[in-house]
Amino acid sequence: MRNETARHDVTVVGGGLAGVCAAIAAARLGRSVALINNRPVLGGNASSEVRVWVCGATGHGKNHHAREGGIMGELLVENQFRNPDGNPYYWDAVVLDAVRAEPGITLYLNTDVREVDAEGPDEARRITSVTGWMMGSERRIRFESSLFLDCTGDGLIGHLAGARHRIGRESRAEYDEAWAPETADDITLGSTLLFYTKDAGHPVKFVPPNFAKDITRTSIPQRRIIKAGDNGCAYWWIEFGGELDTVHDNERIRDELWSVIHGIWDHIKNSGEFDAANMTLEWVGSVPGKREYRRFLGDYVLHQGDILGQTEFADRVAFGGWSIDLHPPQGMFATEAGARQLYADGIYHIPYRSLYSVNTENLLFAGRNISASHVAFGSTRVMATCATIGQAAGTAAALCATGNVTPRELPVPELHRALLRQDASLIGLASTDPEDLALRARATASSTLTGLAVEDSDELWPLAADAGLVLPADPDLSGVELLVDADRDTEIVIDLYDPA
Ligand SMILES: Cc1cc2nc3c(=O)[nH]c(=O)nc-3n(C[C@H](O)[C@H](O)[C@H](O)COP(=O)(O)OP(=O)(O)OC[C@H]3O[C@@H](n4cnc5c(N)ncnc54)[C@H](O)[C@@H]3O)c2cc1C
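Description of the structure in this document. (Residues numbered from 1 in each chain as written. Predicted model: local features only at pLDDT ≥ 70, side-chain atom pairs only at ≥ 80, totals over all residues. Heavy atoms only, no water.)

With that settled, the discussion passes to the overall build of the protein chain. Helix and strand counts for the protein chain stand at 11 helices and 19 strands. Compactness check: the protein chain gives a C-alpha radius of gyration of 24 Å against a globular reference of 23 Å for 500 residues, within 12% of the reference. Seen through its C-alpha atoms, the protein chain measures out along the principal axes to roughly 75 × 70 × 50 Å. Within the protein chain, the proportion of its 500 residues that are buried is 49%. For the protein chain, restricting intrachain contacts to residue pairs at least 6 apart in sequence, the fraction spanning at least 24 positions comes to 74%. Surface accessibility of the protein chain: about 24900 Å² in total, with carbon and sulfur atoms responsible for 50%. (Helix = DSSP H or I, 4+ residues; strand = E, 2+ residues; numbered from the N terminus. Rg over C-alpha atoms; globule rule 2.2 N^0.38 Å. Buried < 20%, exposed > 50% of the residue type's maximum accessible area, 1.4 Å probe, protein only. Contact = heavy atoms within 4.5 Å. Areas by Shrake-Rupley, 256 points an atom, 1.4 Å probe, with all protein chains shown as cover.)

Take a look at the structure:
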């Protein structure tokens with residue numbers, strides 16, 4: 001075993017989208033950054049190892065106009081250009097390229113951090129180093145820096161440092177949350193494995209393994225949607241472990257998820273109820289996608305009222321727009337719906353005080369482990385939102401390292417200025433930086449488009465399924481004309497939304 005020491009200004013543990021965006025943000029401000037991930041690929045739940053789709057403030061299409069800018073925006077645009085089909089491996093490469101493009105980042109893949117050195121009394125802990133084991137390389141690496149970011153999702157780093165946190169649901173009274181249970185408990189959202197199938201072009205048999213579960217003995221066929229051609233996140237409801245410990249019972253949870261996936265596939269292939277003779281399993285996940293574990297305690301705990309009330313925090317550094325999306329503790333075995341969703345009236349703000357520890361003075365966090373109640377976490381947990389939180393936390397860490405201050409001491413206007421300069425969207429805040437050239441810039445155009453009418457359409461758009469059309473409309477828009485044609489009597493239902 002080789003023992004090594006790596007010194008950086010900022011250490012980011014966890015290479016999900018939160019950690020990736022935190023590391024990039026800190027590196028772009030000139031800091032040297034260690035980005036450590038215990039898997040061979042970046043992206044966390046979004047990686048090809050888990051394959052969860054990246055969602056964010058647009059919600060379930062409700063906030064059409066809301067889109068993440070900053071680093072997450074760059075990743076989305078690059079992915080749309082390179083990877084319009086959503087190939088999980090191409091997406092891995094987009095994320096890796098973005099990290100490799102930053103000379104300030106040293107990337108440590110396959111490195112599992114499991115030791116933390118911290119000092120000081122319970123109310124003022126300070127991390128001095130974290131140590132990771134690089135699998136396959138027999139290297140034990142001690143990482144030293146002045147600032148540490150826990151972007152591990154599960155929150156192991158902060159936990160080992162003594163940072164205050166909680167697991168499970170708060171009582172309704174604690175933050176006056178209508179969606180919280182009457183009494184606090186340790187229920188979390190469960191974990192999930194996904195699978196992909198393909199048409200092999202010839203008949204393929206499926207002999208179920210002995211561990212496949214007979215799902216006809218469960219409520220799954222009656223209560224959940226199973227379709228032969230569905231893939232990936234269409235099966236988000238294969239969820240288990242909400243009543244267990246999603247970390248310590250991870251192996252047991254994975255086994256149960258595997259048994260159900262093979263049981264579902266047996267049902268699709270062999271029950272005779274599906275047109276699936278040529279279908280075969282292409283990929284089955286083996287790393288359970290974890291939804292929830294520790295949530296750290298910061299100077300502020302974001303809660304249901306802040307999301308639904310869209311609290312305009314003076315220290316807002318990120319925004320979200322997904323619904324509060326909570327699932328029954330029994331997951332896929334629940335007889336009720338797999339999820340219930342509660343929407344704010346648009347997007348909401350996330351305060352900086354929810355991104356640093358209340359009692360560990362050089363610890364920031366980003367992603368699903370921020371300082372939020374279980375109910376608020378139900379919304380902030382989607383990955384594009386985690387990524388914008390990551391950019392905010394990484395920017396703060398870089399400024400703290402530069403100014404030699406703790407996250408709590410960092411002046412918020414300084415953080416706002418840096419974030420705006422880095423293209424982060426802080427809703428309702430504009431740059432006041434006199435150095436900001438954008439404030440003095442003037443844009444002119446040689447001509448303007450005054451109408452949107454498409455006079456000469458050269459092809460038909462068959463309405464084989466529901467279709468949506470987004471028009472960049474002037475507020476004075478007085479009408480929309482659609483030219484439609486049908487070769488037999490039919491009915492078309494059109495919904496018109498104004499996202500303003
Ligand atoms: C099945 C499922 C469906 C979901 N549906 C959606 C959806 O449709 N859209 C959406 O946007 N979100 C969805 N979510 C939520 C979302 O995936 C998570 O909230 C999000 O991934 C959290 O991001 P993160 O960066 O905080 O953590 P993660 O994505 O969990 O990344 C954490 C990273 O840290 C690494 N790590 C952990 N511990 C250590 C350690 N000790 N040392 C080094 N590295 C470590 C992990 O390997 C991982 O790479 C879903 C989640 C699941 C599980």
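The local shell around the ligand holds 32 residues, among which Asn37, Asn38, Trp53, Arg381 and Met383 are the closest. About the coverage of the ligand: the protein hides 93% of its 990 Å² of free accessible area. When residues of the shell around the ligand are traced back to their parent elements, those giving at least two are helix 1 (17–28), strand 5 (111–119) and helix 10 (383–403). The element contributing the most residues to the shell around the ligand is strand 5, with three residues. For the shell around the ligand, a count of residues per class yields 14 nonpolar, 12 polar and six charged. (Near = heavy atom within 4 Å. Nonpolar A, V, L, I, M, F, W, Y, C, P; charged D, E, K, R; others polar.)

Let's shift gears to the packing of aromatic side chains. With the rule as written, the count across this model stands at nine aromatic pairs. An angle of 85° between the planes, with centres 5.7 Å apart, marks the rings of Tyr196 and Trp283 as edge-to-face. Of this pair, Tyr196 sits in strand 11 (residues 195–199) while Trp283 sits in strand 13 (residues 279–284), and the two are 87 residues apart along the sequence. For the pair Tyr196 and Trp283, one class covers both residues: buried. Cluster of aromatic residues (ring-pair linked, three or more members): Phe195, Tyr235, Trp237 and Trp265. Over the face of the ring belonging to Trp179 we find Arg340, whose NZ or CZ atom lies 4.0 Å from the ring centre. (Phe/Tyr/Trp six-rings, centres within 6.5 Å; stacked < 30°, edge-to-face > 60°. Lys NZ or Arg CZ within 6 Å of the ring centre and 35° of its normal.)

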